[in-house]
Amino acid sequence: LSSMFIHSNIIKLLSHSDISEGIDNLFYFLTSYFMFDYICIQKDKKIYFEKHHQLATPKKIRPITEECLNNNKNDATGTFYLSNIKRLLQNNEHKFFAELQKQDINAIFCCEISCCETNYGYLRVDSKDSRIWQNLDMDVLVSTAKLIGLLLHERKLSIKDLKMNY
């Protein structure tokens, strides 16, 4: 599928009158198409809209401390990703490494869900195995996060206002 088709699907799914249903359907599409083990929205030590890939081993996912995410994200893009968490040890991020290791996460991608300088949370994708994040993966995830942020801003909602469909 082309990048244009995937982005078109993101917009189509999130344009649903019920944002919660749109997010739920979009996460199903993303986990299936990109074979992400796990995707969720995280805000204030709480997980929202989690979805496991049907072939991934389901597990209880816990929030990652936002201090660890904030300390490691690129301020210009609001993103943070690792293909292999062992890289954290090289950067003396032992606390973050231990937190991910406890959850059996070996690769991670996070992106701020934000609009107009308001942070609504993080879009988070985890992998049990190392994963080389492709440009299309990251492009789609950043587009998803920013569009969710825009919709929340325009509708004057927060993540907590949305109902989870599980």
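How do you make sense of the pattern of salt bridges when you look at a structure like this?
Note on pairing: side chains with opposite charge can pair once their charged atoms come close. Tallied over the full model, the rule gives 8 salt bridges. Residue Asp44 is joined to Lys160 by a salt bridge in which the shortest nitrogen-to-oxygen separation is 3.3 Å. Of this pair, Asp44 sits in the loop between β1 (38–43) and β2 (46–52) while Lys160 sits in the segment after α6 (135–154); the two residues are 116 residues apart in sequence, bridging distant segments of the chain. Overall, the relative accessible area of 55% leaves Lys160 in the exposed class. The salt bridge involving Arg124 is made with Asp126; its shortest N-O contact spans 2.8 Å. Its relative accessible area of 3% is what places Asp126 among the buried residues.

Please explain the nonpolar core as it appears in this structure.
Looking at soluble globular proteins, one finds that nonpolar side chains tend to be buried together. With 34 residues, the main nonpolar core has Ile23, Leu30, Ile41 and Leu141 as its most contacted residues. Counting residues per element, the ones that place at least two in this core are α1 (3–14), α2 (19–34), β1, β2, β4 (107–115), β5 (118–127) and α6. Here this core gets 8 residues from one element, more than from any other, and that element is α6. For Leu141, the contacting residues outside a window of four places in its chain are Leu30, Phe36, Ile39, Phe109, Leu123, Val125 and Trp133.

Is there a simple way to think about the packing of α1 against α6 in this case?
When two helices pack together, their arrangement is given by the angle between the helix axes and the distance between those axes. Axis separation between α1 and α6 bottoms out at 11 Å; the angle between their running directions is 25 degrees. On the basis of their axis angle, the class for α1 and α6 is roughly parallel. Between α1 and α6 the crossing geometry is right-handed. Here Ser3, Ile6, His7, Ile10, Ile11 and Leu14 of α1 come into contact with α6, specifically with Leu136, Asp139, Val140, Ser143, Thr144, Leu147, Ile148 and Leu151.

Basis of the calculations
- Residue indices begin from 1 for each chain and proceed along its sequence in written order.
- Residue-level local features of this predicted model are given only where pLDDT is at least 70; pairs of side-chain atoms are given and counted only at 80 or more, and the full residue set underlies all totals for whole chains, interfaces and linings.
- With hydrogens and water set aside, each side-chain value is computed from the structure's full complement of heavy atoms.
- The term salt bridge refers to a side-chain nitrogen of Lys or Arg lying within 4 Å of a carboxyl oxygen of Asp or Glu.
- In DSSP terms, a helix is any run of H or I states spanning at least four residues, a strand is any run of E spanning at least two, and both are numbered starting from the N terminus.
- Only protein chains enter the accessibility calculation, which uses a 1.4 Å probe; a residue is then buried when its area is under 20% of its type maximum, exposed when over 50%, and partly exposed in between.
- By convention a nonpolar core is built from buried Ala, Val, Leu, Ile, Met, Phe, Trp, Tyr and Cys residues, the set being connected through side-chain atoms within 4.5 Å.
- Residue contacts are defined here by distance: any two heavy atoms, one from each residue, within 4.5 Å place the two residues in contact.
- Fitted lines through C-alpha atoms serve as axes, helices being fitted only where they are in contact, and the angles separating the N-to-C directions of these axes extend from 0 to 180 degrees.
- Each angle receives one of four descriptions, namely roughly parallel if under 35 degrees, roughly antiparallel if over 145, roughly perpendicular if within 65 to 115, and oblique otherwise.
- Rotating anticlockwise by less than a right angle from the far helix to the near helix defines a left-handed crossing, while the corresponding clockwise rotation defines a right-handed one.

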